[in-house]
Amino acid sequence: MRHDHIISAKQLSRGDIETVLDHAADIAADPGAFADRHSDTLLGMLFFEPSTRTKMSFTTAMKRLGGDIVDMGSVESSSVKKGESLADTVRVVEGYTDALVLRHPMEGSAKMASEFVDVPLVNAGDGAGQHPTQTLLDLYTIRENAGFEDLTIGIMGDLKYGRTVHSLAHALTTVDARQHFISPESLQLPRSVRYDLHEAGAGIREHTELDEILPELDVLYVTRIQAERFPDESEYREVAGQYQIDAATLEAAKDDMTVMHPLPRVDEIAHDVDETTHAQYFQQAHNGVPVRMALLDLMLGGDQ
């Protein structure tokens, strides 16, 4: 994986996924063993959208590998505010760093930017497109809690604009998971994503209600209805708050069902779920550090 750009979950084979997850498990078991692995490495952080977990976990991952970061900072304080193009920005920052992490509101931006640089570039979210490193930490969490064998997963919420959903759905085809998508009709999977999943032979079903499928699920992946992605605020208001779960909802679930969420949540998961054995979304967020450490180590030419 040395010097490869990571743009989409579609790039990742089952072997790629297992390699990253196995390496992440080794790191999680003994993080100190990897502390000076990339002591001379600088990671460029270019975030054109707000981020907490992704940005901080990439920063933590690089520093735990012994390296450091160069952060573009906010758009308002950068040359982007002066009209600099994305292509020019990445070409400039490439000269300061050994790898780049890019988040941008425009779908397809990471693919375009990767064509202008020679150092590895990681897509940390491109609008409503893809978020492959979120997918890797999601898969790590799923493997740790439910395993990949005979897996039935429900993905609920914003399936139209949710880049985490689009990435995860593609990756789940590599492990032959049964996928159930639960959403309002207006937020169902985009036709292009649905087509790609069918072409990949995925077993998918779409629902408007959770209760008809909940007892069958090994994993329930809940997503936020993303107000910032809607072109029309009235469209958002029509669906906001429609899909919510609480501890009472989960009484119909398997005892060992795992509840996940890419975070941040608003009101789609009640706080009483936090106290149940189902809740794994905070651990899911924590898993971002060893998974991103593993990915960076492999991309930058670790021993493996």
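Use the structure listed above.
Below is a short write-up of the structure. The numbering scheme is per chain: residues are counted from 1 as the chain's sequence reads. Local features in a predicted model are, by the rule used here, given only for residues with pLDDT of at least 70; side-chain atom pairs are given and counted only at 80 or more, and totals for whole chains, interfaces and linings are based on all residues. Side-chain metrics in this entry use all non-hydrogen atoms of the structure; hydrogen atoms and water are not considered.

1. A look at helix 1 (residues 14-29)
For clarity, the threshold we go by: Put simply, DSSP H or I for four residues or longer makes a helix, DSSP E for two residues or longer makes a strand, and each gets a number counted from the N terminus. By this rule the span expected of a helix is its residue count minus one, scaled by 1.5 Å. Three labels apply to residues, based on accessible area from a 1.4 Å probe with only protein chains included: buried if under 20% of the type maximum, exposed if over 50%, partly exposed otherwise in between. In this analysis, two residues are considered to be in contact whenever any of their non-hydrogen atoms come within 4.5 Å of each other.
Between the first and last C-alpha of helix 1 there are 22 Å, a value that for 16 residues agrees with the 22 Å anticipated at 1.5 Å per step. Residues of helix 1 that are buried include every one of Ile17, Glu18, Val20, Leu21, His23, Ala24 and Ile27, and no others. Those residues of helix 1 hidden inside the fold are in contact with helix 5 (132-145), helix 6 (163-172) and helix 10 (288-299).

2. Quick look at the pattern of salt bridges
Just so we agree on the cut-off: Take a side-chain nitrogen of Lys or Arg and a carboxyl oxygen of Asp or Glu: if they are within 4 Å of each other, that pair is a salt bridge.
On inspection of all chains with the given rule, the structure shows 14 salt bridges. A salt bridge links Arg143 to Glu18; its shortest N-O distance comes to 2.7 Å. Of this pair, Arg143 sits in helix 5 while Glu18 sits in helix 1; the two residues are 125 residues apart in sequence, bridging distant segments of the chain. Salt bridges linked by common partners bring Arg14, Glu18, Asp22 and Arg143 together as one network.

3. Looking at the sheet that holds strand 1 (residues 42-47)
This is how the line gets drawn: In short, DSSP must find at least two bridges between two strands for them to pair. Simply put, an axis is a line fit to the C-alpha atoms, just over the touching stretch for a helix, and the angle between two N-to-C directions goes from 0 to 180 degrees.
If you walk across this open sheet you meet the four strands as 2-1-3-4, and the pairing is parallel. Edge strands, defined here as strands with exactly one partner in the open sheet, are strand 2 (68-71) and strand 4 (121-126). Across the sheet, the mean angle separating the axes of adjacent strands is 20 degrees when strand polarity is ignored. Pairing of strand 1 with strand 2, which is carried by four bridges, proceeds in the parallel orientation. Counterpart to Leu42 in the pairing with strand 2 is Asp68. Helix 3 (residues 86-94) contacts strand 1 and strand 3 (99-104) of the sheet and is inclined by roughly 155 degrees relative to strand 3.

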